[in-house]
Amino acid sequence: MSLLIKGGTVVTHDQSYRADIYCVDGRIAAIGENLDVPANTEVVDAGGQLVMPGGIDPHTHMQLPFMGTVAKDDFESGTAAGLAGGTTSIIDFVIPAPQQSLLEAYHQWRGWAEKSVADYSFHVAITWWDDSVREEMGELVRSHGVNSFKHFMAYKNAIMATDDILVESFSRCMELGAIPTVHAENGELVFHLQQQLLAQGITGPEAHPMSRPPVVEAEASNRAISIANTLGAPIYLVHVSAKESVDAIRYARDNGQHVYGECLAGHLVLDDSVYRDPDWGRAAAHVMSPPFRPKGHQEALWKGLQGGTLQTTATDHCAFCAEQKAAGRDDFSKIPNGTAGIEERMSVLWEKGVNSGKLTPNEFVAITSTNTAKIFNLFPRKGAIQVGADADLVVWDPQGSKTLSVETQRSRIDFNIFEGMTVKGIPSCTVANGKVAWQQGELRAQAGDGRYYDRPAYPSYYDALGKRNARNAPTAVVRAK
Ligand code: DUC
Ligand code: ZN
Ligand code: ZN
């Protein structure tokens, strides 16, 4: 099975050059001009277009059982939406119920993901603690290709990890050479503010951001970073949404800590006015955590990406339809938290980042693909265009445009948070595992074409003296120039 992508400009995180790309059996076999390829090779014409590494979304929740319901996009529809938007790989989350075996939950998610049309891997959440969790973390790292563990500092009485758990788990991550990640919101404060707002009779979606103000995120970001610093662990903060968290990460990095930050396409372009929409359903459709922030925070996130304080972009794709959101009609704290975005992420970032002059095309590749691959130890298998790398590519038409809409999206839900946004810069063809997976609106990949990929651990962060060994931290990610 061979494929030639012909006539395009290759754009990686650090170079742009004219070349054709020849793919054989799922891998990049040659890069260059006038390549000699067999006559039966399928050809994709990339004339006038860019060829970039396929997007990697490091933060999705397909089919997640959450807040009394299950996310509508499963691994098939969710990864298909990803391919339509140029994203060829996801890192989803296994979230064991408290007291559930990590391995049992991991196998449950692996089963659900078998119908994926694009490649997938898993972070595993630590939602409780005892010796068996400690043991199973080791098993997941050694035998199942997991190199990152997630800690929800919010969702009290459900999946929240308290400080004692953070300390135990971060320490264990260091022994294993895994990277701890956090959803940074102070769950005690969220719970307290939710009860206070409800007691005051404020029950609508407008209360959602009031119960989770930026300071609640800032406190948790600073706490997680301080715990990691004390232990000498690296740390990755998911969905950074508040200026104060960007400042905390910048400060820690300036002081030599290995701290990494992710932000979401939605947080970069939407603000909290969406929760004051007089239409309850429209406001509820935007309920996700952390919430969209007051104007001003978006600029801080863009600057974070531009300056290298934040390295990755994701979606937190967790799709609920209106019927599911209605569970919180009388109580905003019961509205299932989640929004979609995997199909739109790359075009939104191109439109608002590259077209506006904030990011170069190379930086776009870094923040949509390469940096994630580096931080989670996938590079150069993914996130790279080089011989031997997985042939996961997007042919990007910088002149093509479309208007994002629920009417044309692949996600199964009935809402699009980017509704009406016209983007110039869209994929014309997505190649996954060396095959045309999506082209001009037609999905060619099928359920089951996606493969699970291992993410090997880093060497233990402890050196012989029991001190942190910086050489073993995730690949240093610097701003691509
Ligand atoms: N936030 C969401 O909005 N949904 C899923 C989990 C999360 O942390
Ligand atoms: Zn989260
Ligand atoms: Zn999430």
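Residues numbered from 1 in each chain as written. Chains lettered and ligands numbered in written order. Predicted model: local features only at pLDDT ≥ 70, side-chain atom pairs only at ≥ 80, totals over all residues. Heavy atoms only, no water.

K.L.:
Teacher, can you tell me more about the coordination of the zinc ion (ligand 2) here?
P.N.:
Note on metal sites: the ideal angle is 109.5 degrees for four tetrahedral donors, and 90 or 180 degrees for six octahedral donors. In the first shell of the zinc ion (ligand 2), the protein supplies His183 (ND1) and His239 (NE2), at 2.1 Å from the metal. Separating the zinc ion (ligand 2) from the zinc ion (ligand 3) is a distance of 3.4 Å. In this pair, His183 sits in strand E14 (residues 179-183) while His239 sits in the loop between strand E15 (235-237) and helix H8 (243-254), placing the two residues 56 residues apart along the sequence. Residues His183 and His239 agree in their burial class; the two are buried. (Donors = N, O, S within 2.8 Å, 3.2 Å for Na, K, Ca; no water. Helix = DSSP H or I, 4+ residues; strand = E, 2+ residues; numbered from the N terminus. Buried < 20%, exposed > 50% of the residue type's maximum accessible area, 1.4 Å probe, protein only.)

K.L.:
When you look at the coordination of the zinc ion (ligand 3) in this model, what are you seeing that I'm missing?
P.N.:
Distances from the zinc ion (ligand 3) to its protein donors, His59 (NE2), His61 (NE2) and Asp316 (OD), fall at 2.0 to 2.2 Å. One chain supplies every donor for the zinc ion (ligand 3), spaced along it as H-x1-H-x254-D. Of the residues examined, His59 reaches a relative accessible area of 0% and is grouped as buried.

K.L.:
Just to check I follow, could you spell out the pattern of salt bridges for this structure?
P.N.:
Two side chains that carry opposite charge are able to pair once their charged atoms sit near each other. Scanning all chains against the criterion turns up 28 salt bridges. Residue Arg18 pairs with Asp20 through a salt bridge whose shortest N-O separation is 3.6 Å. Residues Asp277 and Arg282 are paired through a salt bridge, measuring 2.9 Å at the closest nitrogen-oxygen approach. With relative accessibility at 23%, the residue Asp277 sits in the partly exposed group. A network of salt bridges, in which partner residues are shared, links Arg27, Asp119, Arg381, Lys382, Asp390, Asp392 and Arg451. (Salt bridge = Lys/Arg side-chain N within 4 Å of Asp/Glu carboxyl O.)

K.L.:
How should I be thinking about the side chain of Gln63 in this particular structure?
P.N.:
Tracing the backbone through its elements, the reader meets Gln63 in the loop between strand E8 (55-60) and strand E9 (65-66). Once you skip the residues sitting within four places of it in the chain, Gln63 turns out to touch Val70, Ala71, Asp73, Asp74, Phe75, Trp112 and Lys115. (Contact = heavy atoms within 4.5 Å.)

K.L.:
What am I meant to see in the pairing of E14 here?
P.N.:
For a regular strand, the rule is simple: side chains alternate between the two faces of the sheet. Of all five residues that make up E14, five are buried, and the element is covered over most of its length. Along E14, one buried face is formed by Ile179, Thr181 and His183 and the opposite face, lined by Pro180 and Val182, is buried too. Strand direction decides the pairing type here: strand E13 (residues 148-152) and E14, joined by five bridges, are parallel. Looking at the pairing, Phe149 lines up with Pro180 of E14. Note on the crossover from E13 through helix H4 (residues 163-176) to E14: the handedness is right-handed. Across two bridges, E14 lies against E15 in parallel orientation. When the bridges of E15 are listed, Val182 appears paired with Leu237. (Pairing = 2+ DSSP bridges. Right-handed = clockwise from strand over helix to strand, strands pointing away.)

K.L.:
Can you walk me through the site of ligand 1 in this structure?
P.N.:
By nearness alone, every residue bordering ligand 1 is listed as His61, Phe66, Phe152, Tyr155, His183, His239, Met288, Ser289, Asp316, Cys318, Asn337 and Gly338. Contacts to ligand 1 include Ser289, whose backbone N or O atom sits 2.9 Å from an oxygen atom. For ligand 1, whose unbound accessible area comes to 240 Å², protein coverage reaches 100%. Broken down by class, the residue content of the shell around ligand 1 amounts to five nonpolar, six polar and one charged. (Near = heavy atom within 4 Å. Polar contact = N/O pair within 3.5 Å; in protein donor to acceptor, adjacent residues only side chain to side chain. Areas by Shrake-Rupley, 256 points an atom, 1.4 Å probe, with all protein chains shown as cover. Nonpolar A, V, L, I, M, F, W, Y, C, P; charged D, E, K, R; others polar.)

K.L.:
Mind showing me how you'd approach the sheet that holds E13 here?
P.N.:
Each strand in a sheet pairs with another by means of backbone hydrogen bonds, the pair being arranged parallel or else antiparallel. Across the sheet, eight strands lie side by side as E8-E11-E12-E13-E14-E15-E16-E17; this open sheet has parallel pairing. Of all the strands in the sheet, just E8 and strand E17 (312-314) have a single pairing partner and so form its edges. Along the sheet, successive strands turn relative to each other by an average axial angle of 30°, direction set aside. In this fold helix H1 (residues 75-84) packs onto strand E11 (87-94) and strand E12 (119-125), with an angle of close to 145° to the strand it touches most, E11. Along the sheet, H8 makes contact with E15 and strand E16 (259-264), crossing E16 at roughly 155°. (Axes fitted to C-alpha atoms, helices over the stretch in contact; angles between N-to-C directions.)

K.L.:
Explanation requested: the packing of aromatic side chains in the structure shown.
P.N.:
Aromatic ring pairs are defined here through the distance separating the ring centres and the angle between the ring planes. With the rule as written, the count across this model stands at 15 aromatic pairs. Geometrically, the ring pair formed by Tyr106 and Tyr452 is edge-to-face, given 6.2 Å between the ring centres and 80° between the ring planes. Here Tyr452 lies in the segment after strand E21 (442-443) and Tyr106 lies in helix H2 (residues 102-112), a separation of 346 residues in the sequence. A single burial state applies to Tyr106 and to Tyr452, both of which are buried. Three or more aromatic residues link up through ring pairs in this structure, and these residues are Phe75, Tyr106, Tyr120, Phe122 and Tyr452. When the ring centre of Phe191 is taken as origin, the NZ or CZ atom of Lys156, which lies over that ring, is 5.3 Å away. Above the face of the Trp302 ring, Lys358 is positioned so that its terminal group lies 5.2 Å from the ring centre. (Phe/Tyr/Trp six-rings, centres within 6.5 Å; stacked < 30°, edge-to-face > 60°. Lys NZ or Arg CZ within 6 Å of the ring centre and 35° of its normal.)

K.L.:
Got a minute to help me understand H8 in this structure?
P.N.:
One turn of an α-helix holds 3.6 residues; hence residues three or four places apart share an orientation. The end-to-end C-alpha distance of H8, which contains twelve residues, comes to 16 Å, matching closely the 16 Å that a straight helix rising 1.5 Å per residue would cover. For H8, the full list of buried residues reads Ser245, Val246, Ala248, Ile249 and Ala252. Down the axis of H8, the buried set is contained in an arc of 160°. They therefore lie on one face. When the buried face of H8 is taken as reference, the exposed residues oriented beyond 90 degrees from it are Tyr251 and Asp254. Structurally, H8 contributes buried residues whose contacts are with helix H7 (214-231), E15, E16 and helix H11 (297-307). After H8 finishes, the residue Gly256 shows a positive phi value of roughly 90°. (Expected span 1.5 Å × (residues − 1). Arc of directions from axis to C-beta.)

K.L.:
Looking at this model, I keep getting lost on the nonpolar core. Mind explaining?
P.N.:
If you look at soluble globular proteins, the nonpolar side chains tend to sit buried side by side. Of all hydrophobic cores here, the largest spans 80 residues; its most connected members are Met52, Phe122, Phe149, Leu237 and Phe364. A total of six residues in this core trace back to one element, the largest contributor, which is H4. Aside from chain neighbours lying at most four places away, what touches Met52 is Val11, Trp350, Phe364, Val365, Ile385, Asp392, Leu393, Val394 and Trp396. Counting 24 residues, the second-largest nonpolar core is a separate cluster that includes Trp280, Ala314, Phe415 and Met421. (Core = buried A, V, L, I, M, F, W, Y, C linked by side-chain atoms within 4.5 Å.)

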